[in-house]
Amino acid sequence: MSCCEKAKLCRALWTASWPCRGLLLIHGLWRTTPCFYFDYYRTKEEMAKAIQARRLEGLDQNIWVEFSRLAATHKAVNLGQGFPNFSPPDFVKKAYVEAISGENTMLHQYTQAFGHPRLVEILARFFGKLLQRDLDPLKNVMVTVGAYEALFCCFQALVDEGDEVIIIEPYFDCYEPMTRMAGGKPVFVPLRLKVAKSGKLASSRDWQLDPAELEAAFTKRTKVLVLNSPNNPLGKVFSRVEMAHIAELCVRHDVVCLSDEVYEWLVYDGNEHVKIATLPGMWERTVSISSAGKSFSATGWKVGWAIGPDRLLKHLRTVHQNSIYHCATAAQVRGQGHRVHPAATQPIYGVCTVG
């Protein structure tokens, strides 16, 4: 009997659900039949079902892709995405031109996988001051293709099948599909509007978490909480009191915090951006994610970063090195020295790096 014939017979016997004694015959045929032939005789219907991985089911639509397509089709102003229609500051553009037009040919070649050496050193030094700790450029900093890739690496590296991920509503749209793609279960906790005093205009600060509702969302399966402050889309800046409550719950339930801080430098009206990683017990369980794309009006340059303890970042590095591997070298090297953000009194980043 040929391999093809044995494969067909194996499949027929299996489909017919013979009594247990038939399994011995199937096993005997299978042992002498290459797996290739056995697999080859799957039906066309089964082959079609196998094309798309189950983790992608229901995730094929993206609101930003749709907004951009509609805006382009109808020549409309696109208010669906957060990017400006004006150029970055001159010193940022000049730094980029210098990086790609200089005589250093290595800026057009591969660089260090987890961030260009000069960039990670400056990021470690700058954010080390903000976090009040010494950061190792090679262990506590990872440069990514924008904050978006940093988020993707976090979900892929830290969320497993069946893990619950707390997401505060309203939220940036990618948190949910990234959770589901990793096999996790999103658990939503809404910000609720507190009625403003009579005659007073509502503010983003009037959207608040219900402490009891947030606490009830934590279970023995909770693995991650996603925090976005300042919040997209509300613009809400979480207060120090709110941050402390979130931190206390994360510590109590041994939960990792993914802190999306891409708008950290766009804080106004006396609000304070609190980095949750600075609160007691939070450094060891927090990945802080950011980029300068929003601050420097250059969202398309796509250089972001993740900062956190090596016990967490080492797993992000595994995802990064097996997918993106590293970001564009020249995009990471856009000038050196100490720059001051034109709209703030605080120095921003050591290099003109945006994403």
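The structure under discussion appears in the preceding block.
Quick caveat: nothing in here was measured; it's all calculated off a predicted structure. (Residues numbered from 1 in each chain as written. Predicted model: local features only at pLDDT ≥ 70, side-chain atom pairs only at ≥ 80, totals over all residues. Heavy atoms only, no water.)

(A) Just helix α5 (residues 63–74), in detail. With 12 residues, α5 extends 16 Å from end C-alpha to end C-alpha; this agrees with the ideal 16 Å at 1.5 Å per step. Measuring from the side-chain oxygen of the N-cap residue of α5 to the backbone nitrogen of W64 gives 2.8 Å; that N-cap residue is N62. One or two positions beyond α5, positive phi appears at K75, with a value near 50 degrees. (Helix = DSSP H or I, 4+ residues; strand = E, 2+ residues; numbered from the N terminus. Expected span 1.5 Å × (residues − 1). Polar contact = N/O pair within 3.5 Å; in protein donor to acceptor, adjacent residues only side chain to side chain.)

(B) The arrangement of the environment of R221 in detail. Mapped onto the secondary structure, R221 falls in the loop between α10 (211–217) and β5 (222–228). The exposure class assigned to R221 is partly exposed, which follows from its relative accessible area of 43%. Sequence separation of R221 and G162 is 59 residues, and the distance between their C-alpha atoms is 7.6 Å. Filtering out sequence-adjacent residues up to four positions away, R221 remains in contact with E161, G162, D163 and E164. (Buried < 20%, exposed > 50% of the residue type's maximum accessible area, 1.4 Å probe, protein only. Contact = heavy atoms within 4.5 Å.)

(C) Looking closely at the pairing of strand β7 (residues 286–291). Within β7, six of the six residues are buried, which leaves it mostly tucked inside the rest of the structure. Residues T286, S288 and S290 line one face of β7 and the alternating positions V287, I289 and S291 line the opposite face, and both faces are buried. Where strand β6 (residues 256–260) meets β7, four bridges bridge the pair, whose relative direction is parallel. By the bridge assignment for β7, L258 is matched with V287. Sheet analysis places β7 next to strand β8 (residues 304–307), joined by four bridges and oriented antiparallel. Looking at β8, one finds that I289 is bridged to A306. (Pairing = 2+ DSSP bridges.)

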